Amino acid sequence: AMAQLDENGPQAAGLGYRHDATTVKNARYSAGQQCSNCVLFQGGDSEWGGCPLFTGSQVKATGWCSAYSAAG
Ligand code: SF4
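In this report, the structure presented in the accompanying data block is examined. Being a predicted model, the structure only gives us computed values, none of them experimental. (Residues numbered from 1 in each chain as written. Predicted model: local features only at pLDDT ≥ 70, side-chain atom pairs only at ≥ 80, totals over all residues. Heavy atoms only, no water.)

**With respect to the overall build of the protein**
Of regular secondary structure, the protein possesses one helix and three strands. Starting at the N terminus and ending at the C terminus, the protein contains elements arranged as β-α-β-β. Taking 72 residues into account, the globule formula puts the C-alpha radius of gyration at 11 Å, and the protein, at 11 Å, falls close to it. C-alpha extents for the protein along the principal axes are approximately 30 × 30 × 15 Å. Burial analysis of the protein (72 residues in total) assigns 38% to the buried set. (Helix = DSSP H or I, 4+ residues; strand = E, 2+ residues; numbered from the N terminus. Rg over C-alpha atoms; globule rule 2.2 N^0.38 Å. Buried < 20%, exposed > 50% of the residue type's maximum accessible area, 1.4 Å probe, protein only.)

**Focus on the site of the ligand**
Looking at the ligand, the residues that line it are Tyr-17, Cys-35, Cys-38, Leu-40, Phe-41, Cys-51, Leu-53, Phe-54, Val-59, Cys-65 and Tyr-68. Residue composition of the shell around the ligand, by class: 11 nonpolar, no polar and no charged. (Near = heavy atom within 4 Å. Nonpolar A, V, L, I, M, F, W, Y, C, P; charged D, E, K, R; others polar.)

**What about the packing of aromatic side chains?**
With the rule as written, the count across this model stands at two aromatic pairs. With a centroid separation of 5.4 Å and 90° between ring planes, the pair formed by Tyr-29 and Trp-64 is classed as edge-to-face. Highlighted residues: Tyr-29 in the loop between α1 (10–14) and β2 (48–50) and Trp-64 in the segment after β3 (57–60), separated in sequence by 35 residues. (Phe/Tyr/Trp six-rings, centres within 6.5 Å; stacked < 30°, edge-to-face > 60°.)

Next up, the structure:
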């Protein structure tokens, strides 16, 4: 299985990624946004899933980054 993204690493920092969206301090963030409802999340209903912006690592369903785009 792919490794979980290190939220304190440079890849995550570049897009302001956090595993817990509710802790995000970012002007682009709105309450309710998280990876599981982002169009780029590949994890379905799983707790962790792939994201094309973080190749080789999994992001958390409850996570968020500044490239968030609402699904649907
Ligand atoms: Fe999560 Fe979407 Fe950012 Fe990927 S692009 S890390 S799925 S919020």
